[in-house]
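Okay, here's what each chain looks like letter by letter:
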Amino acid sequence: MSSSLKEYIKRNSERVDRALDRFLPSASTKPSAIHRAMRYSLFAGGKRLRPILAIAAAEACGGRASRALAVASAVECIHTYSLIHDDLPCMDDDDFRRGKPTSHKVFGEGMAVLAGDALLTIAFEIAAASRPTSRYAQADFVRELARASGSLFLVAGQAADLEGEGKKISHAQLRFIHERKTSALLTCAMRLGAMSANAAPAQLHAVTQAGHNLGMAFQVIDDILDATKTTEELGKTAGKDEKFHKATYPSILGMKRAREEANRFTLAAHRAIRSLGACAFRLKQLSDYLLIRQC
Ligand code: GRG
């Protein structure tokens, strides 16, 4: 990764951290256990990929990071809720996330469920605090977030994943799951960033195409990393897909074709990003980085 991209990611992660810190009740706010649990997972060391993509999408549409911070933070709250709930014993049952013990291991199952619930709901409060533009009202930001995280997208992906457990699933079914479980929220982050910049319809369309393809490339790479990296390298339990016979891009297509698929999605994202012009250079750099990331 170039030093300028590294610096861009660091600067914007810190901005997002400060914004999240402002948006969330302090850890000592009563009842403190719930606020400590929310903050524990939110500040456990996630990559902040979705908020950074929201900011880069805003800039690609001629906007500023400062105006994208509320929507970027809202998406990170939804993402963190989904990880907390996904790690619960009744779902994926994992002990390790973002390099730390999972929420239910530290706070107990009840509090982890509540921390996820509270992060989900505060996300809408934060999105509603975003400044409207001439094209997009606050209700548009909230609707966008609700749709991406509801039963047609994020929850749909998780439900289809649960239903597919222990069954042989096809490439098309795997794609259905990943479009909803992973790509929809990443696309939503980028669309919200673009909307915070008052994107014109053609810009929003290009950002949507880029987001969809980047989200898919991100998930294919995630499947590859799960099969090839260690728990320490990933900060989450590695090798789970194979251990639990979960269908993944490498298990269905083989490692070589899975990499080709990730390349294809990235090239499709490049085409959409190119149509956004010179302001989209960070988006282009980020899309290249997502393809070669090692964790
Ligand atoms: C519980 C409704 C509900 C949904 C859960 C997020 C999720 C859906 C499941 C987690 C497992 C998984 C493979 C999700 C796909 C998306 C993904 C790869 C998430 C991890 O995102 P990163 O790598 O995580 O950006 P950090 O911790 O860096 O933010």
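Residues numbered from 1 in each chain as written. Predicted model: local features only at pLDDT ≥ 70, side-chain atom pairs only at ≥ 80, totals over all residues. Heavy atoms only, no water.

Draft legend 1. Examining empty space enclosed by the protein more closely. With the rule as written, the count across this model stands at two cavities of 30 Å³ or more. Estimated volume of the largest cavity: approximately 100 Å³. The wall of the largest cavity is formed by 13 residues, among which Ser41, Ile84, Asp87, Arg97 and Arg98 lie closest to the centre. If you list the elements that add at least two residues to the lining of the largest cavity, you get α2 (32-42), α4 (65-87) and β2 (100-101). For the lining of the largest cavity, the leading source of residues is α4, giving four residues. Considering only enclosed or pocket space, the second largest cavity measures out at about 50 Å³ in volume. What lines the second largest cavity is Asp86, Met91, Asp92, Gln158, Asp161, Leu162, Glu165 and Lys246. With three residues, helix α8 (residues 154-164) is the single largest residue contributor to the lining of the second largest cavity. Class assignment for the residues of the lining of the second largest cavity results in two nonpolar, one polar and five charged. (1 Å grid on protein atoms, 1.4 Å probe; cavity = no way out; pocket = protein on both sides within 12 Å on 5 of 7 lines; lining within 4 Å. Points joined across faces, edges and corners; volume = space filled by probe spheres on them. Helix = DSSP H or I, 4+ residues; strand = E, 2+ residues; numbered from the N terminus. Nonpolar A, V, L, I, M, F, W, Y, C, P; charged D, E, K, R; others polar.)

Draft legend 2. Quick look at the packing of helix α10 (residues 201-228) against helix α14 (residues 255-274). Between α10 and α14, the shortest axis-to-axis distance is 8 Å and the interhelical angle comes to 160 degrees. Judged by the angle between their axes, α10 and α14 are roughly antiparallel. Two packed elements cross with a definite hand, and for α10 against α14 that hand is left-handed. Here Ala206, Gln209, Ala210, Asn213, Leu214, Met216, Ala217, Val220, Ile221, Ile224, Ala227 and Thr228 of α10 lie close against α14, whose contacting residues are Met255, Ala258, Arg259, Glu261, Ala262, Phe265, Thr266, Ala268, Ala269, Ala272 and Ile273. Tallied by class, residues from the contact of α10 with α14 come to 17 nonpolar, four polar and two charged. (Axes fitted to C-alpha atoms, helices over the stretch in contact; angles between N-to-C directions. Parallel < 35°, antiparallel > 145°, perpendicular 65-115°, else oblique. Left-handed = near helix turned anticlockwise from the far one by under 90°. Contact = heavy atoms within 4.5 Å.)

Draft legend 3. Just the layout of surface pockets, in detail. Of the volumes computed, that of the second largest pocket is approximately 290 Å³. Taken together, 13 residues make up the lining of the second largest pocket; nearest its centre are Glu144, Phe153, Ala184, Thr187 and Arg191. For the lining of the second largest pocket, the elements supplying multiple residues, two or more each, are α7 (138-149), α9 (171-196) and α10. For the lining of the second largest pocket, the element with the most residues is α9, which contributes seven residues. Counted by class, the lining of the second largest pocket contains four nonpolar, four polar and five charged residues.

As far as function goes, none of this settles anything; it's purely spatial.
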